[in-house]
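Structure at a glance
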Amino acid sequence: MTEARPVLIIGAGLAGLRCALSLQEQGIPYLLLDKASGPGGRIRTDSVDGFRLDRGFQVLLTGYPEVRSVMDMASLDLHPFRAGALIRRNGTFHRLSDPFRHPADTLRTLAAGMGTFKDKLRILSLRRAARSSGVSEQGHRPAGRSIREALEDRGFSRDMIEGFFRPFLGGITLNAELQSDEAFFTFVMRMFSDGHAALPAGGMQALPDQLAGRLDASRLMWNAEVVRVEGNHSVILSDGRRLEGAHVVLATDMYAASEFGAAGGQRTWNGTTCLYFAADEAPISEPVLVLNGEPDDPTDAGWRINSVVVPSLVAPGYAPEGIHLINISCVGVAPGSDTDLEALALTQMRSWFGPSVDTWQHLRTYHIPRALPSQHAGSLNRESIPLQVSPDGPVVCGDHVTTSSINGALASGRAAATYLIEHLALRAPAS
Ligand SMILES: Cc1cc2nc3c(=O)[nH]c(=O)nc-3n(C[C@H](O)[C@H](O)[C@H](O)COP(=O)(O)OP(=O)(O)OC[C@H]3O[C@@H](n4cnc5c(N)ncnc54)[C@H](O)[C@@H]3O)c2cc1C
């Protein structure tokens with residue numbers, strides 16, 4: 001007996017992997033295709049001389065409901081960041097701690113010479129509000145307000161918005177103007193209060209690798225670039241082959257989806273540049289996020305160095321024993337040559353951490369212009385299930401139809417499988 005035609009899933013990022021796993025659990029045949037040589041899409045980790053270099057600074061928020069529901073958290077071997085941040089502002093570092101996680105730091109936080117006393121009380125009330133909000137990012141109506149407007153309406157001072165929220169939330173959304181939708185901000189705040197920001201011991205790629213490892217290897221096709229999607233049943237590969245399936249799921253990034261005429265159109269890309277250095281000594285002594293709260297330098301229009309972390313202080317496996325890995329991340333893609341950028345970054349780091357920076361050794365620079373679909377206020381569609389469906393076309397999923405996050409990608413992949421099963425009545429073949 002020949003096997004029923006498989007669902008053709010294009011794209012083995014988190015959305016495509018999640019969709020495949022849901023279908024597999026129901027016994028529905030699928031074929032997962034990706035033009036890359038392995039799974040992960042925008043979550044890849046390169047191994048370079050014993051260092052683990054995530055392609056762009058990413059963290060896993062352990063509160064993400066979609067992650068909790070599908071991942072074996074224990075085997076990810078997660079290592080948390082210390083809650084809160086060190087903020088560079090007015091030429092010095094200020095500590096902003098989460099008083100519920102680190103009560104001993106509360107006084108220091110309240111005294112930190114950044115923002116007003118009322119700002120710190122407002123953060124506590126923000127945290128309370130986030131905790132009482134729904135856990136689902138699909139549970140809210142689009143707020144229609146930007147993060148900046150929401151913060152201003154709550155009465156936060158300019159110092160607090162520019163010094164803390166801009167690098168903190170601007171780093172998460174890769175939009176320094178804080179124009180992203182307030183609903184995503186509320187969701188992220190809830191995630192920070194429900195869990196930790198963490199790194200897997202093996203690098204961020206442990207996430208897609210874990211999902212791919214649970215799939216039937218004979219249903220995974222690498223180096224398979226789809227060049228055309230015909231209706232909702234067939235695809236053409238770059239080598240000319242035509243594949244026929246029970247249905248097509250387009251689980252690509254937004255760029256490819258728009259090439260296939262299937263992206264929503266409202267969202268643009270937010271980019272980043274990320275530099276890695278090796279050093280014998282870490283510039284800080286704890287696994288904490290260091291944020292650049294200094295005002296803009298007028299020369300860095302369109303991009304700025306936003307944060308510094310030492311991943312090897314968070315998860316030791318990120319660097320060989322006795323050496324540290326340092327990650328400098330920018331909001332926006334830095335222009336100019338890598339050599340100029342490296343020199344510029346080191347000059348800034350020297351002014352923060354002193355002459356020990358002169359011993360840092362550059363490992364690699366990643367420019368990622370297509371990192372996150374923008375999430376401008378009102379652009380997020382949380383009214384419907386998180387995917388796109390047209391009567392004659394493929395089912396479309398991925399972070400560009402939900403929120404630009406690990407949680408959003410997983411949610412839409414799961415929703416795509418649910419749609420095929422519940423609305424299109426795809427079933428496991430009778431045995
Ligand atoms: C630098 C950076 C930092 C981030 N930081 C965070 C963070 O801290 N926390 C967080 O929650 N999220 C973060 N994200 C977002 C998160 O990584 C993404 O939202 C998520 O990985 C997107 O998954 P996806 O499956 O929707 O898309 P993708 O991962 O882009 O997967 C799409 C797949 O489709 C494949 N494909 C495309 N075209 C074709 C074709 N024609 N034929 C075959 N295959 C094709 C691609 O090769 C790719 O594998 C970050 C992303 C980046 C890039």
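For the structure, see preceding data.
Here goes a summary of the coordinates provided. (Residues numbered from 1 in each chain as written. Predicted model: local features only at pLDDT ≥ 70, side-chain atom pairs only at ≥ 80, totals over all residues. Heavy atoms only, no water.)

**A short note on the site of the ligand**
Keep this limit in mind: Put simply, a residue is near a molecule or strand once any heavy atom of it comes within 4 Å of that molecule or strand. Within 3.5 Å is the distance limit for a polar contact, defined as a pair of N or O atoms, with the added protein rule that one can donate a hydrogen and the other accept it, and that residues adjacent in sequence qualify only through two side-chain atoms. All accessible-area figures derive from a Shrake-Rupley calculation using a 1.4 Å probe, and residue coverage is judged against the displayed protein chains alone.
Taken together, the neighbourhood of the ligand is formed by 36 residues, with Asp 34, Arg 42, Tyr 64, Asp 399 and Ile 406 sitting nearest. Backbone polar atom of Val 226 to a nitrogen atom of the ligand: 2.9 Å apart, as the coordinates give it. A distance of 3.3 Å is found between an oxygen atom of the ligand and a backbone nitrogen or oxygen belonging to Ser 405. When the free accessible area of the ligand is taken as 1,000 Å², the share hidden by the protein chains comes to 94%.

**Considerations on the sheet that holds strand 5 (residues 60-61)**
One key point about sheets: their strands pair by backbone hydrogen bonds, in either a parallel or an antiparallel sense. Under the convention used in this document: A pair of strands counts as paired when DSSP detects no fewer than two bridges linking them. Elements are defined by DSSP. Helices are runs of H or I of four residues or more, strands are runs of E of two residues or more, and each kind is numbered from the N terminus.
Strand order across the open sheet formed by three strands is 5-9-6, with antiparallel pairing between neighbours. The open sheet has two edge strands with one neighbour each: strand 5 and strand 6 (78-80). Summarising the sheet, strand 6 and strand 9 (residues 197-200) pair through three bridges and their orientation is antiparallel. Paired with Leu 78 across the strands is Pro 200, a residue of strand 9.

**Points about empty space enclosed by the protein**
Worth spelling out the cut-off: Lining residues are defined by having an atom within 4 Å of a point belonging to a cavity or pocket. Those points lie on a 1 Å grid over the protein atoms alone, cavities being sets where a 1.4 Å probe fits but cannot get out and pockets being open sets with protein on both sides within 12 Å along at least five of seven lines. Grid points are joined across faces, edges and corners, and a volume is the space filled by probe spheres set on the points.
Scanning the model with the defined rule gives two cavities of 30 Å³ or more in all. There is about 40 Å³ of room inside the largest cavity. Taken together, Asp 54, Gly 56, Phe 57, Gln 58, Leu 199, Tyr 276, Pro 311, Tyr 318 and Asn 327 form the lining of the largest cavity.

**Quick look at the sheet that holds strand 10 (residues 220-221)**
Within the open sheet, the six strands sit side by side as 10-2-1-14-21-20. Their pairing is mixed. In this open sheet, the two strands that pair with only one neighbour each are strand 10 and strand 20 (388-389). Relative to strand 14 (residues 247-250), strand 1 (residues 7-10) runs parallel, the two sharing four bridges. Residue pairing across strands places Ile 9 opposite Val 249, the latter belonging to strand 14.

**A closer look at the pattern of salt bridges**
Where we set the bar: Here, a salt bridge means any side-chain nitrogen of Lys or Arg that lies within 4 Å of a carboxyl oxygen of Asp or Glu. Categorising residues by exposure relies on relative accessible area from a 1.4 Å probe, with only protein chains included: less than 20% of the type maximum marks a residue as buried, more than 50% marks it as exposed, and the intermediate range marks it as partly exposed.
Within the structure shown, the criterion is met by 21 salt bridges. When the shortest N-O distance is used, the salt bridge between Glu 230 and Arg 242 registers 2.7 Å. Here the residue Glu 230 occupies a position in strand 11 (residues 226-230), and Arg 242 occupies one in strand 13 (residues 242-244), the gap between them amounting to 12 residues. Take Glu 230: its relative accessible area is 25%, and that puts it in the partly exposed class. For the salt bridge of Asp 239 with Arg 241, the shortest nitrogen-to-oxygen distance reads 2.9 Å. Put simply, Arg 5, Arg 228, Glu 230, Arg 242 and Glu 244 are held in one network by salt bridges that share partners.

**Observations concerning the environment of Leu 178**
For clarity, the threshold we go by: Should any heavy atoms of two residues lie within 4.5 Å, those residues are counted as being in contact.
One can find Leu 178 in the loop between helix 7 (158-173) and helix 8 (182-194). As for Leu 178 and Pro 167, which are separated by 11 residues in sequence, their C-alpha atoms are 9.3 Å apart. Those residues in contact with Leu 178 that sit more than four places away from it in its chain are Ser 146, Ile 147, Arg 148, Leu 151, Ile 161, Phe 165, Arg 166, Leu 169 and Gly 170.

**With respect to the environment of Met 221**
Its location among the elements puts Met 221 in strand 10. With 188 residues separating them along the chain, Met 221 and Leu 33 place their C-alpha atoms 4.8 Å apart. Setting aside residues no more than four positions away along its own chain, Met 221 makes contact with Leu 31, Leu 32, Leu 33, Asp 34, Leu 237, Arg 241 and Leu 243.

**Topic: unusual backbone geometry**
Of note, the phi angle at Asp 49 is positive, near 50°, even though the residue is not glycine. Its location among the elements puts Asp 49 in the loop between strand 3 (45-48) and strand 4 (51-54). Residue classification places Asp 49 among the exposed residues on the basis of a relative accessible area of 66%. At Leu 174, a residue that is not glycine, the phi angle is positive and equals roughly 55°.

**Some thoughts on the pairing of strand 9**
The two faces of strand 9 match: Ala 197 and Leu 199 on one face and Ala 198 and Pro 200 on the other face are all buried. As defined by bridge partners, strand 5 adjoins strand 9 across two bridges and the pair is classed as antiparallel. Paired with Leu 61 across the strands is Ala 197, a residue of strand 9.

**What to know about the packing of helix 1 (residues 14-25) against helix 13 (residues 406-422)**
Quick note on the threshold: Angles run from 0 to 180 degrees between N-to-C directions of axes, and those axes are lines fitted to C-alpha atoms, restricted for helices to the stretch in contact. Crossings are assigned a handedness: left-handed for a near helix turned anticlockwise from the far helix by less than a right angle, right-handed for a clockwise turn. Charged residues are taken to be Asp, Glu, Lys and Arg, nonpolar residues to be Ala, Val, Leu, Ile, Met, Phe, Trp, Tyr, Cys and Pro, and polar residues to be all remaining types, Gly included.
Where helix 1 contacts helix 13, the axes come no closer than 7 Å and their chain directions differ by 40°. In this structure, helix 1 meets helix 13 at a crossing whose hand is right-handed. Only Ile 406, Ala 409, Leu 410, Ser 412, Gly 413, Arg 414, Ala 416, Ala 417, Leu 420 and Ile 421 of helix 13 make contact with helix 1, whose side of the interface consists of Leu 14, Ala 15, Arg 18, Cys 19, Ser 22 and Leu 23. In terms of residue class, the contact of helix 1 with helix 13 is made up of 11 nonpolar, three polar and two charged.

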